[in-house]
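# Notes for the structure review
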Amino acid sequence: DMIRKIINRTLMEVDPLNGAKFVGAARFTGVPAVWKSMLEGMSRVSVITEAGFLNGSDVGDRRGLSATILSFYTASGAYDKQNSNDYSSKDNSLPMLHSPALSIIQESTPKSFIEAMIKNDGDVNGDLARMWLLRIEEEKSYMNWNRRKAYSPDLKKRISDLVKGSLDVMENNDISKKVHHIKCPKWLKKLNDDFVDQERKEKEEGNTYKQVMLSRAWVKSVKIAAIISVFNGKTDELCKEAHDWVMEHVIQRELDSIEKNIRREDSNDLDNVVQNVVGSHIV
C-alpha cells in the first residue's frame, strides 16, 4: 500500500493545489465509471491495491472494462481520440474523449494477480503485453528508517512543470500548448524490425508468453523512454541512454522472467506441467 501513499504524497507535496486533480480512482467497476473519471480530467494515475482479488471478482462489467482500458492505451497520443459509446438511451451514452491518459498501477501478491489475469484472458488479449511487469524476488528487508522524506528542489521543479503543463492542456483542451514531438531515430526504426523477427521466432518455438510480450515491446520501450526523456529535459529526440536503460531493466528483464513467473504460479494446471516438460522437445 506504500506505492499509493508515495505517489499521492508526491503529487500533494510538489503541488498541493493541483496535484489532487491527477489522482485517479482506486477501483473501477464498469465502463461508465472509468469514462466519467476521464471526462473530469484527461490525465489520471490510479493505484489499485490487491489488484489480483479485485480483477478476479465478477462484480460489474469486467470484460467491457478491460476492453475499454485496452482501447485507451492506443488513444492516448496527442491528436488521438477515444470514440464515443452510443446506446439506445441517450442518458447512458458516453461522449468522445480526447487523448485520455490513464496510468494504472496494480499492486498484488503474484499468485492472485496471475490467476486473475489468466481468468480474464489477460495473458493473450494484449493486457499483459501493455504492462510494465515488476516482481520483487529478494527477501524482505528491515524497515529503512532513514528513507528520504522530502524531494530535492530540482526534482520538485520537474514534476511541477509536468503538472502545470498537463493541467493547462486539460483545462483548455488545447493540445497545441505543451506537446513534445520527439523524433524517432533510424536505430529505433530498425529495432522494430528486430522485435518482429524475435516475435516470429518465439511463436515458432511455442513460447506463447514471450511472443505476447514481444508484440508490444517496441511501443512499450518507446513510450517509457520518451517519458524519461521529457522528464529529463530532452524534448527534441528520444534519448538513447534512456532507451538503453528501458531495454535492460524493463524489456529484457520481462522476457527473461515471464515464462518462469507465470508458469510457477499456474503450476497446478496439468496442461502447463506437461507443456513445460515436453513442449520444447516436441518443437
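Keep in mind that what you see is a predicted model, and the values were worked out from it rather than measured.

Before going further, it helps to spend a moment on the pattern of salt bridges. This model, assessed by the stated rule, comprises 10 salt bridges. With a closest N to O distance of 2.7 Å, Lys190 and Asp194 form a salt bridge. With Lys190 and Asp194 both in helix 8 (residues 186-204), this residue pair falls four residues apart, about one helical turn. A relative accessible area of 26% means that Asp194 is categorised as partly exposed. Between Glu254 and Lys220 there is a salt bridge whose closest N-O contact spans 2.8 Å.

Of all the seven residues making up strand 1 (residues 43-49), five are buried; the element is thus mostly covered by neighbouring parts of the structure. Sheet analysis places strand 1 next to strand 4 (residues 101-107), joined by seven bridges and oriented parallel. Looking at the pairing, Val47 lines up with Ile105 of strand 4.

Here we take up a nonpolar patch on the surface. A grouping of Trp132, Leu134 and Trp245 is seen on the molecular surface, where their side chains present a nonpolar patch of about 330 Å² in accessible area. Along the chain, Trp245 turns up in helix 11 (residues 240-265).

Attention shifts here to the confidence of the model for the chain. Per-chain confidence: the chain averages 82 in pLDDT, with 88% of residues scoring 70 or above. Per-element confidence in the chain ranges from a low mean pLDDT of 63 for helix 12 (residues 270-282) to a high of 93 for helix 8.

Residue pairs spaced three or four apart in an α-helix point in one direction, given the helix's 3.6 residues per turn. With 12 residues, helix 4 (residues 62-73) should cover 16 Å at 1.5 Å per step; its first-to-last C-alpha distance of 17 Å lies within 8% of that length. Along helix 4, the residues that are buried comprise Arg62, Gly64, Leu65, Thr68, Leu70, Phe72 and Tyr73.

Bringing the packing of aromatic side chains into the picture now. Counted according to the given criterion, the structure contains two aromatic pairs. Relative to Trp245, the ring of Trp132 lies with its centre 6.2 Å away and its plane at 80 degrees, an arrangement referred to as edge-to-face. Of the two residues, Trp132 sits in the loop between helix 6 (127-130) and helix 7 (153-172) while Trp245 sits in helix 11, which places them 113 residues apart along the sequence. With a relative accessible area of 36%, Trp132 lands in the partly exposed category. A relative accessible area of 38% places Trp245 in the partly exposed class. A cation over a ring is seen here: Lys240 above Trp187, with NZ or CZ 5.4 Å from the ring centre.

Let's shift gears to the nonpolar core. Counting 25 residues, the largest nonpolar core has Leu128, Phe195, Val246, Ile251, Ile258 and Ile262 as the members making the most contacts within it. Breaking this core down by element, the ones donating at least two residues are helix 5 (110-119), helix 8, helix 9 (208-215), helix 10 (217-231) and helix 11. The biggest single contributor to this core is helix 11, with six residues. Aside from chain neighbours lying at most four places away, what touches Ile262 is Ile114, Ile118, Leu128 and Tyr209. Counting residues in each nonpolar core, the second largest holds 10 residues, with Phe28, Trp35, Leu94 and Leu97 among its members.

Once that is clear, we can look at the side chain of Arg44. Relative to the helices and strands, Arg44 is located in strand 1. Despite its burial, Arg44 pairs with no opposite charge, the nearest such side chain being Glu40 at 4.2 Å. Among the polar contacts listed, one links the side chain of Arg44 to the backbone oxygen of Lys21, at a separation of 2.9 Å. Residue contacts for Arg44: discarding those within four places in its chain leaves Ala20, Lys21, Phe22, Val23, Gly24, Ser37, Met38, Ala101, Leu102 and Ser103.

How each quantity is defined
Residues numbered from 1 in each chain as written. Predicted model: local features only at pLDDT ≥ 70, side-chain atom pairs only at ≥ 80, totals over all residues. Heavy atoms only, no water. Salt bridge = Lys/Arg side-chain N within 4 Å of Asp/Glu carboxyl O. Helix = DSSP H or I, 4+ residues; strand = E, 2+ residues; numbered from the N terminus. Buried < 20%, exposed > 50% of the residue type's maximum accessible area, 1.4 Å probe, protein only. Pairing = 2+ DSSP bridges. Patch = residues over 30% accessible without salt bridge, like charges linked within 9 Å, V, L, I, M, F, W, Y side chains within 5 Å. Areas by Shrake-Rupley, 256 points an atom, 1.4 Å probe, with all protein chains shown as cover. pLDDT = per-residue confidence, 0-100. Expected span 1.5 Å × (residues − 1). Phe/Tyr/Trp six-rings, centres within 6.5 Å; stacked < 30°, edge-to-face > 60°. Lys NZ or Arg CZ within 6 Å of the ring centre and 35° of its normal. Core = buried A, V, L, I, M, F, W, Y, C linked by side-chain atoms within 4.5 Å. Contact = heavy atoms within 4.5 Å. Lys, Arg positive; Asp, Glu negative; His and termini not counted. Polar contact = N/O pair within 3.5 Å; in protein donor to acceptor, adjacent residues only side chain to side chain.

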